[in-house]
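Each chain, written out:
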Amino acid sequence: RLQSAEKVEIRRAALEAMGLVASSPELRAEARMLLLAHVRSPDARIARAAIRGLAHIADPSAVFALQQAAADTSLPADVRAFLALTIPAGRSPFAEALLLPLSAAGARDGHPLLPAAGLAALGEVGGDVGTAILEKTLGDATARPELRATAVTALARGGDGSRSLL
């Protein structure tokens, strides 16, 4: 009989593998539905595995689903932040636009985890608007120090292979 930790590990591995092996549009659609249901798991390990599975699917609908889930305030902040960090993996042309509201989300509720993840993800994407947001955050003396530090790192990353600031 499997112990609880072993069951979680098996579920976690299966969810992540589901995204890796979904090779046809039909399989990706089926996997996307199953993985989205697990993003809301009360066990963060399961939620993160489902998010990684969605990132492996990496089609536009999966990227949009990741953004919608990241904007869901009923999910824990760490799960939402992990969702934001996976959006660039989809290489969607819409990734920058999807990340912009997430990078500003914590400014309203005072929790820096989600906007920091949004800013870091913008650095991975490397678009013009995202770069402008990162530069604005860096130059804003009233911004939280951890967000300004994230902006520096994200600008140095330069998602298109360039170095924007450093």
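The notes below deal with the structure included here. (Residues numbered from 1 in each chain as written. Predicted model: local features only at pLDDT ≥ 70, side-chain atom pairs only at ≥ 80, totals over all residues. Heavy atoms only, no water.)

1. Section: the overall build of the protein chain
Okay, step 1: Summing up its helical and strand segments, the protein chain has nine helices and zero strands in all.
Okay, step 2: Here the protein chain, with 166 residues, has 43% of them falling under the buried criterion.
Okay, step 3: For the protein chain, the accessible area works out to roughly 8,600 Å², and carbon and sulfur atoms hold 60% of it. (Helix = DSSP H or I, 4+ residues; strand = E, 2+ residues; numbered from the N terminus. Buried < 20%, exposed > 50% of the residue type's maximum accessible area, 1.4 Å probe, protein only. Areas by Shrake-Rupley, 256 points an atom, 1.4 Å probe, with all protein chains shown as cover.)

2. Section: the packing of helix α8 (residues 128-139) against helix α9 (residues 145-157)
Okay, step 1: Axis separation between α8 and α9 bottoms out at 8 Å; the angle between their running directions is 140°. The pairing of α8 with α9 is recorded here as oblique in orientation. Taken as a pair, α8 and α9 cross one another with a handedness that is left-handed. Seen from α8, the contacting residues are Thr131, Leu134, Glu135, Thr137 and Leu138; seen from α9, they are Leu147, Arg148, Ala151, Val152, Ala154 and Leu155.
Okay, step 2: A per-class count over the contact of α8 with α9 returns seven nonpolar, two polar and two charged. (Axes fitted to C-alpha atoms, helices over the stretch in contact; angles between N-to-C directions. Parallel < 35°, antiparallel > 145°, perpendicular 65-115°, else oblique. Left-handed = near helix turned anticlockwise from the far one by under 90°. Contact = heavy atoms within 4.5 Å. Nonpolar A, V, L, I, M, F, W, Y, C, P; charged D, E, K, R; others polar.)

3. With respect to the pattern of salt bridges
Okay, step 1: Counted according to the given criterion, the structure contains seven salt bridges.
Okay, step 2: A salt bridge links Arg45 to Asp43, with the nearest nitrogen and oxygen atoms 2.8 Å apart.
Okay, step 3: When the shortest N-O distance is used, the salt bridge between Glu146 and Arg144 registers 2.8 Å.
Okay, step 4: Residue Glu146 is classed as partly exposed on the basis of its relative accessible area, which comes to 32%. (Salt bridge = Lys/Arg side-chain N within 4 Å of Asp/Glu carboxyl O.)

4. Examining the environment of Arg80
Okay, step 1: By secondary structure assignment, the location of Arg80 is in helix α5 (residues 77-86).
Okay, step 2: The class for Arg80 is buried, based on a relative accessible area of 9%.
Okay, step 3: Sequence separation between Arg80 and Gln67 is 13 residues, and the spatial gap between their C-alpha atoms is 8.9 Å.
Okay, step 4: Beyond its immediate chain neighbours, meaning those up to four positions away, Arg80 contacts Ala69, Ala70, Ala71, Asp72, Thr73, Leu75 and Leu114.

5. Overview of the nonpolar core
Okay, step 1: Ranked by internal contacts, the top residues of the largest apolar core, which has 39 residues, are Val39 and Leu83.
Okay, step 2: Counting residues per element, the ones that place at least two in this core are α1 (4-21), α2 (25-39), α3 (44-57), α4 (60-70), α5, α6 (95-109), α7 (113-125) and α9.
Okay, step 3: Those residues in contact with Leu83 that lie beyond four places of it in its chain are Val39, Ile51, Leu66, Ala69, Ala70 and Leu75. (Core = buried A, V, L, I, M, F, W, Y, C linked by side-chain atoms within 4.5 Å.)

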